[in-house]
Amino acid sequence: MMGLFFSNIQIRRTENEPDFAQIAAVLTEGRDTSAVDSEEEADIMLSVFTMSDSPWITVCSDLIDGDFEELGAKARRLSETLQTQTLALACLDSDYCINENHSLGEWFKKSLLA
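Keep in mind that this is a model prediction, so the values were computed, not measured.

Some remarks on the nonpolar core
Now for step 1: Counting 17 residues, the largest nonpolar core has Ile 9, Ile 11, Ile 23, Leu 27, Val 59, Leu 71 and Leu 78 as its most contacted members.
Now for step 2: Secondary-structure elements contributing two or more residues to this core are strand E1 (6-12), helix H1 (20-27), strand E3 (56-61), helix H2 (68-82) and strand E4 (86-92).
Now for step 3: In this view, Ile 9 contacts Leu 27, Ile 57, Thr 58, Val 59, Ile 64, Leu 71, Lys 74, Ala 75, Leu 78, Thr 86 and Leu 87; residues no more than four positions away in its chain are not counted.

So, the pairing of strand E2 (residues 46-49)
Now for step 1: The sheet contact formed by E2 and E3 spans four bridges and is antiparallel. Along E3, the bridge assignment pairs Leu 46 with Ser 61.
Now for step 2: Counted along the chain from E2 to the antiparallel partner E3, the turn is six residues long.

Structural notes on the pattern of salt bridges
Now for step 1: In total, this model carries three salt bridges according to the counting rule given.
Now for step 2: With a closest N to O distance of 2.9 Å, Glu 17 and Arg 13 form a salt bridge.
Now for step 3: Look at Glu 17 and you get partly exposed, because its relative accessible area is 39%.

Points about the side chain of Thr 86
Now for step 1: With respect to the helices and strands, the residue Thr 86 is situated in strand E4.
Now for step 2: There is a polar contact of 2.8 Å between the side chain of Thr 86 and the backbone oxygen of Ala 75.

Considering the confidence of the model for the protein
Now for step 1: Looking at the protein as a whole, the pLDDT averages 79, with 76% of positions reaching at least 70.
Now for step 2: Within the protein, no element has a lower average pLDDT than strand E6 (residues 106-113), which sits at 39, and none a higher one than E3, at 92.
Now for step 3: Here residues 104-114 is a poorly scored stretch, pLDDT under 50, and it has 29 contacts once near neighbours within four places are set aside; other chains count.

Re the pairing of E1
Now for step 1: Of all seven residues in E1, five are buried; the element is thus mostly enclosed.
Now for step 2: Relative to E3, E1 runs antiparallel, the two being bridged by four bridges. Bridge pairing in E3 places Arg 12 opposite Trp 56.

Remarks on H2
Now for step 1: Over its 15 residues, H2 extends 21 Å from the first C-alpha to the last, a length consistent with the 21 Å expected when each residue adds 1.5 Å.
Now for step 2: Taken as a whole, H2 has its buried residues at Leu 71, Gly 72, Lys 74, Ala 75, Leu 78, Ser 79 and Leu 82. Each buried residue of H2 sits inside an arc of 165° when the element is viewed along its axis, so together they form one side.
Now for step 3: Gln 83 occupies a position one or two residues after H2 and carries a positive phi of about 55°.

Description of the packing of H1 against H2
Now for step 1: Packing of H1 against H2 leaves a shortest axis separation of 9 Å and a crossing angle of 135°. Taken as axis vectors, H1 and H2 run oblique relative to one another. Like other packed secondary-structure pairs, H1 and H2 cross with a definite hand, here right-handed. Of H2, the residues touching H1 (which contributes Gln 22, Ile 23, Val 26 and Leu 27) are Lys 74, Arg 77, Leu 78, Thr 81 and Leu 82.
Now for step 2: Considered class by class, the residues forming the contact of H1 with H2 number five nonpolar, two polar and two charged.

Calculation rules
Residues numbered from 1 in each chain as written. Predicted model: local features only at pLDDT ≥ 70, side-chain atom pairs only at ≥ 80, totals over all residues. Heavy atoms only, no water. Core = buried A, V, L, I, M, F, W, Y, C linked by side-chain atoms within 4.5 Å. Buried < 20%, exposed > 50% of the residue type's maximum accessible area, 1.4 Å probe, protein only. Helix = DSSP H or I, 4+ residues; strand = E, 2+ residues; numbered from the N terminus. Contact = heavy atoms within 4.5 Å. Pairing = 2+ DSSP bridges. Salt bridge = Lys/Arg side-chain N within 4 Å of Asp/Glu carboxyl O. Polar contact = N/O pair within 3.5 Å; in protein donor to acceptor, adjacent residues only side chain to side chain. pLDDT = per-residue confidence, 0-100. Expected span 1.5 Å × (residues − 1). Arc of directions from axis to C-beta. Axes fitted to C-alpha atoms, helices over the stretch in contact; angles between N-to-C directions. Parallel < 35°, antiparallel > 145°, perpendicular 65-115°, else oblique. Left-handed = near helix turned anticlockwise from the far one by under 90°. Nonpolar A, V, L, I, M, F, W, Y, C, P; charged D, E, K, R; others polar.

Here it is in structure tokens:
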């Protein structure tokens with residue numbers, strides 16, 4: 001059985017709810033974001049998930065998959081830009097979980113669980 005790999009960023013909701021455009025702007029900084037005619041032509045995948053009863057917004061993107069330095073940097077940048085807490089999460093082959101907790105842009109906690 002193959003292991004599980006994933007990474008995402010969790011954004012703590014505040015009274016100033018961020019919109020997709022704000023999140024996308026941070027994640028795509030320095031990238032070509034020109035419109036394409038179909039999703040098959042797209043170079044960047046970005047998904048933002050919300051639930052009305054959850055205090056967190058989940059952000060997934062191929063821009064942060066497997067690049068843990070970039071994952072942490074984007075979580076810190078989102079925290080600074082949106083003025084809220086973020087969590088950078090990654091699961092590596094179901095064996096390791098990396099968690100970085102960012103509070104208003106400051107590296108707050110880092111743990112590696114095996």
